[in-house]
Amino acid sequence: MKKALLLINCLVLAIGNCGGPLMMRLYFLHGGKRVWFSSWLETGAWPVILFPIACVYVHRRKTQPGAKLFLMKLPLFVASAVIGVITGFDDYLYAYGVARLPVSTSSLIIASQLAFTAGFAFLLVKQKFTSYSINAVFLLTIGAGVLALHTSSDRPENESNKEYVLGFLMTVAAAVLYGFILPLVELMYKKARQELSYALVMEIQMVMCLFATVFCTVGMVVNNDFKVISREAREFGLGETNYYVLAVLTAIIWQCFFLGAIGVIFCSSSLLSGIVIAVLLPVTEILAVIFYKEKFQAEKGVSLALSLWGFFSYFYGEMKHAKKMKPTTTAETELPQAQQVPIRLESA
């Protein structure tokens, strides 16, 4: 059951990780200029999580008549709120980078978060590394580095060198910060003083996105984004109706990303969540080539191969580890039974 849940979360994460950057870039390509509004869309669809939470609550009421709607206790709520505010700041950094950089370049930089995730996971949650996981991190990082060979040719037209460099630095900062957030969520799971379930994970996701949205809403108010959204919609290159449709779809797709990311952490680890995000980089690159007519150099093909190699290396190592654990578990369960036999004979 947990493996099936892990697979579902990986698929949800894939939808958000590949679709989110493409939808956000589409907004900026056709006249969108509001960075705070774009960052707000990354978590603004948090009320969507209320629907599955309500469904789980109805099911829980059948077996537990006095069950509460929300399972989260105050310490976990406070921790989720703090991480949510950090996530909101990370959303702004990332949105600023996407506004200035092509999808291929921003995705490349974000893929470097895997190295930061691995480092912070080692420091915060004492993540144990095997030769296979180290190999996966190395290959995925090299795969991202290969893409850097042609980033200069992807620089947008009519953009100053200062804007490009600032967008680059903002995206690097977003990668570092999100590499810290993933292990921080795993640490919160381990330190939680209540039993974790997937229903509780959804509540954590909702609270994190709620406070991230509040953070971005304050930014929108300060930047006067609410006053110009209607005007920007009228001047949008794809039309006013498509402007609002794009905004809604972007918010929903990004919600898939965040739910999938913390779901993978719940089912496995923050390292695996970072690996899945990194391995999807070439997929985003290919989609950018298809939809935005970006160039597909040989380096992108090499990056795709290295990323898949690293991905399968990690799972091969996990399978071998699982096989080693099974005989040990069997021996531990059989040992007490074997020790009981002579005791019964002596008493006889």
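Cut-off values and rules
- Residues numbered from 1 in each chain as written.
- Predicted model: local features only at pLDDT ≥ 70, side-chain atom pairs only at ≥ 80, totals over all residues.
- Heavy atoms only, no water.
- UniProt positions renumbered as here; feature names shortened; annotations may be inferred.
- Buried < 20%, exposed > 50% of the residue type's maximum accessible area, 1.4 Å probe, protein only.
- Helix = DSSP H or I, 4+ residues; strand = E, 2+ residues; numbered from the N terminus.
- Polar contact = N/O pair within 3.5 Å; in protein donor to acceptor, adjacent residues only side chain to side chain.
- Salt bridge = Lys/Arg side-chain N within 4 Å of Asp/Glu carboxyl O.

- If you check an unreviewed UniProt entry, the chain appears there as Probable purine permease from Corchorus capsularis.
- Under the heading Subcellular location (unreviewed entry), UniProt records this for the chain: "Membrane".

**Considering helix H12 (residues 270-279)**
Point 1. Taken across its 10 residues, H12 has 10 buried, putting it largely inside the fold.
Point 2. Those residues of H12 lying buried are Ser270, Leu271, Leu272, Ser273, Gly274, Ile275, Val276, Ile277, Ala278 and Val279.
Point 3. Capping the start of H12 is the job of one residue whose side-chain oxygen sits 3.2 Å from the backbone nitrogen of Leu272: Ser269.

**A short note on the pattern of salt bridges**
Point 1. Inspection of every chain in the model, using the stated rule, returns 2 salt bridges.
Point 2. For Asp225, the salt bridge goes to Arg34, with nearest N and O atoms at 2.8 Å. Linking Asp225 in helix H10 (residues 225-235) with Arg34 in the loop between helix H1 (2-29) and helix H2 (35-41), this pair joins segments that are 191 residues apart in sequence.
Point 3. In this structure, Glu186 and Lys190 form a salt bridge, with 4.0 Å as the shortest nitrogen-oxygen distance. Placement of both Glu186 and Lys190 in helix H8 (residues 161-191) is noted, with a separation of 4 residues, approximately one turn of the helix.
Point 4. Among the residues examined, Glu186 registers a relative accessible area of 7% and is labelled buried.
Point 5. Exposure remark for Lys190: the relative accessible area of 54% places this residue in the exposed category.

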